Amino acid sequence: MKTRTALFVLAIASTATVARPSGWLDTFDTIDPSWITDRKEPAGFASEVFDGDARLKLSVVGSQQSTSGTFYFTEGRKRAALISTPWEVAGQVYIDMDAWSDKLVRSDLWARTGLVGNETDVSYPILGFIHNDPNDPFNAGSTSKTWRFRAWDAEAGGWQTLSPAVTSGWHDLRILGDGSSFRYYLNNALVYTDSTVGSPVQLTDVFVQAYNFGGSNDYSVYWDNVRAQAVPEPVTLGLAAAALGIAARRRRR
Ligand SMILES: [Ca+2]
Ligand SMILES: [Ca+2]
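Residues numbered from 1 in each chain as written. Chains lettered and ligands numbered in written order. Predicted model: local features only at pLDDT ≥ 70, side-chain atom pairs only at ≥ 80, totals over all residues. Heavy atoms only, no water.

Student: Even after reading the chapter, I still don't get the layout of surface pockets, so can you show me in this structure?
Tutor: One simple way to see leftover space: roll a probe sized like a water molecule over the atoms. By volume, the largest pocket amounts to about 300 Å³. Forming the boundary of the largest pocket are 19 residues, of which R39, W110, Y124, I126 and W152 lie nearest the centre. Elements with a minimum of two residues in the lining of the largest pocket: β7 (105–115), β8 (118–123) and β10 (146–153). Its residues assigned to classes, the lining of the largest pocket comprises 11 nonpolar, 3 polar and 5 charged. (1 Å grid on protein atoms, 1.4 Å probe; cavity = no way out; pocket = protein on both sides within 12 Å on 5 of 7 lines; lining within 4 Å. Points joined across faces, edges and corners; volume = space filled by probe spheres on them. Helix = DSSP H or I, 4+ residues; strand = E, 2+ residues; numbered from the N terminus. Nonpolar A, V, L, I, M, F, W, Y, C, P; charged D, E, K, R; others polar.)

The following block contains the structure:
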């Protein structure tokens, strides 16, 4: 009877894991209509074959820079992803340091946590890269431009420059929200932990954004395999393990 009780607990725990929303993975074979403009529509948000596969090509045209203020210099789209904690937002971005050596470039993967339609306690975890001169950010001709990976932590003062050096090629970006922190991973290595994440921390949206520096500074960035998904709940797994342990002990008696 007690073994049955333990197995029942296990069944409940397993069900809880399975019943969590599974999220989505976007391979950009086409552009899903769920992607909607955020801040300002970029010059291009299209599916294009690049490096052997269909990718998202996000294009910015300097002459189309917004006249409504710097807030709208950020251009891109967002897609809803309603997933309770713990969640994971990830994607791959291609960086071409040679092609962009004379360009100002910035593109990021964003997440939004909080309640839908309510900005109270909202957080925007962001992971991306930039190429510009931090002391002369809109000057493409500056000889002091640098490449940086960055994470956004509002409570820590904004952009945090990450230690890994930028290299050309594909990079895996991942943000993990576990309820008490946002953990940032670059190419599967933990590079930043934000422990001031507010509450609630339910994931609501995922964004792919670029920045319009104006002038004649046009560029396109390729993204692929952008995804939002629930990750296994450690507490639930712990419950399941405990139930298994109880069942095993009962059987031994
Ligand atoms: Ca693809
Ligand atoms: Ca924070």
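Student: Explain the coordination of the calcium ion (ligand 1) to me, please; I cannot follow it from the model alone.
Tutor: Geometrically, a metal with four donors at the corners of a regular tetrahedron has ideal angles of 109.5 degrees, and one with six donors at the corners of a regular octahedron has ideal angles of 90 or 180 degrees. Protein ligation of the calcium ion (ligand 1) involves T27 (O), D53 (OD), A54 (O), D224 (OD) and D224 (OD), the donor distances falling in the range 2.2 to 2.6 Å. Binding-site remark: the calcium ion (ligand 1) is held by donors from one chain whose sequence spacing is T-x25-D-A-x169-D. One end of the pair, T27, is in the loop between β1 (24–26) and β2 (36–38); the other, D224, is in strand β16 (residues 219–230), and 197 residues separate them in sequence. For T27, a relative accessible area of 30% puts it in the partly exposed group. (Donors = N, O, S within 2.8 Å, 3.2 Å for Na, K, Ca; no water. Buried < 20%, exposed > 50% of the residue type's maximum accessible area, 1.4 Å probe, protein only.)

Student: Can you help me understand the environment of Q209 in this one?
Tutor: Within the secondary structure, Q209 sits in strand β15 (residues 203–211). Residue classification places Q209 among the buried residues on the basis of a relative accessible area of 0%. With residues near it in sequence (within four places) discarded, Q209 still touches D38, L58, T74, E75, G76, R77, R106, S107, D108 and W110. A polar contact of 2.7 Å, which involves the side chain of Q209, links it to the side chain of D38. (Contact = heavy atoms within 4.5 Å. Polar contact = N/O pair within 3.5 Å; in protein donor to acceptor, adjacent residues only side chain to side chain.)

Student: I keep staring at the coordination of the calcium ion (ligand 2) and nothing clicks. Help me out?
Tutor: Surrounding the calcium ion (ligand 2) are the protein donor atoms D153 (OD), E155 (OE), D194 (OD), D194 (OD), T196 (O) and T196 (OG1), at 2.2 to 2.5 Å. Here the calcium ion (ligand 2) is ringed by 6 donor atoms whose angles at the metal span 54 to 166°, and the overall shape comes out irregular. In primary-sequence terms, the residues that donate to the calcium ion (ligand 2) follow D-x1-E-x38-D-x1-T. (Tetrahedral: all angles 85-135°; square planar, octahedral: opposite > 155°, others 65-115°.)

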